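# Observations on chain architecture
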Amino acid sequence: MLRLTLAFALCILPTLGFAEDDDHLSEVDGLRILHAWTRAHQIGTADVYLEVENQSNRDAKLTGGDVHEGDGEVVILAQPTQANSSPVPLPDFIFPMGSDFIFDEDGVFLRVSGVEDELEEGDELEIHLAFDGFGELVVHVEVESEDAKNHSHAGHNH
């Protein structure tokens, strides 16, 4: 009986790992958000980096978002080309059908306000992003170390 239980556990464990990866992917109608991450920091705001793949048959417009169970909001920002300048808010952001786009710290990124708890490495922040014509996607943002340069799981397939 012990061997049967152990064999069953060994069969189940690999599938549990795949279920965990689902938190790194949000998808609706061919619009996919992958590898969302932020750095560990104090309460207040969080800059979020992620990938957006529009595999649908229509353009997708990101119109904003909010923090799960919070009063915060998500704003799309662009890093200016001039040093010592503040990021610039962007209007609605369009992802043409068939496109891939990466939000990163050197270009366009998301700033989430209203983060009510201190974010520590290993935590998760849940945000909701609104896309015109696609509805709302729930995005699980993984908190990396304070000095992280990318998502620790970037490069694997979903």
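About the cut-offs
- Residues numbered from 1 in each chain as written.
- Predicted model: local features only at pLDDT ≥ 70, side-chain atom pairs only at ≥ 80, totals over all residues.
- Heavy atoms only, no water.
- Salt bridge = Lys/Arg side-chain N within 4 Å of Asp/Glu carboxyl O.
- Buried < 20%, exposed > 50% of the residue type's maximum accessible area, 1.4 Å probe, protein only.
- Helix = DSSP H or I, 4+ residues; strand = E, 2+ residues; numbered from the N terminus.
- Phe/Tyr/Trp six-rings, centres within 6.5 Å; stacked < 30°, edge-to-face > 60°.
- Lys NZ or Arg CZ within 6 Å of the ring centre and 35° of its normal.

### Some points on the pattern of salt bridges
Summed over the entire model, instances satisfying the criterion amount to six salt bridges. Close ionic contact of Arg 32 with Glu 27 constitutes a salt bridge, the shortest N to O distance being 3.9 Å. With relative accessibility at 44%, the residue Glu 27 sits in the partly exposed group. A salt bridge links Arg 32 to Glu 53, with the shortest nitrogen-to-oxygen separation between them at 2.8 Å. Taken together, the residues Arg 32 in strand β2 (residues 31–39) and Glu 53 in strand β3 (residues 44–54) connect sequence positions 21 residues apart. The residues Arg 32 and Glu 53 share a single accessibility class, namely buried. Through salt bridges with shared partners, a single ionic network connects Glu 27, Arg 32 and Glu 53.

### Points about the packing of aromatic side chains
Evaluated as defined, the whole model comprises nine aromatic pairs. Pairwise contacts between aromatic rings join Phe 93, Phe 95, Phe 101, Phe 103 and Phe 131 into one cluster. One cation-aromatic arrangement involves Arg 58 over Phe 134; the distance from NZ or CZ to the ring centre is 4.0 Å.

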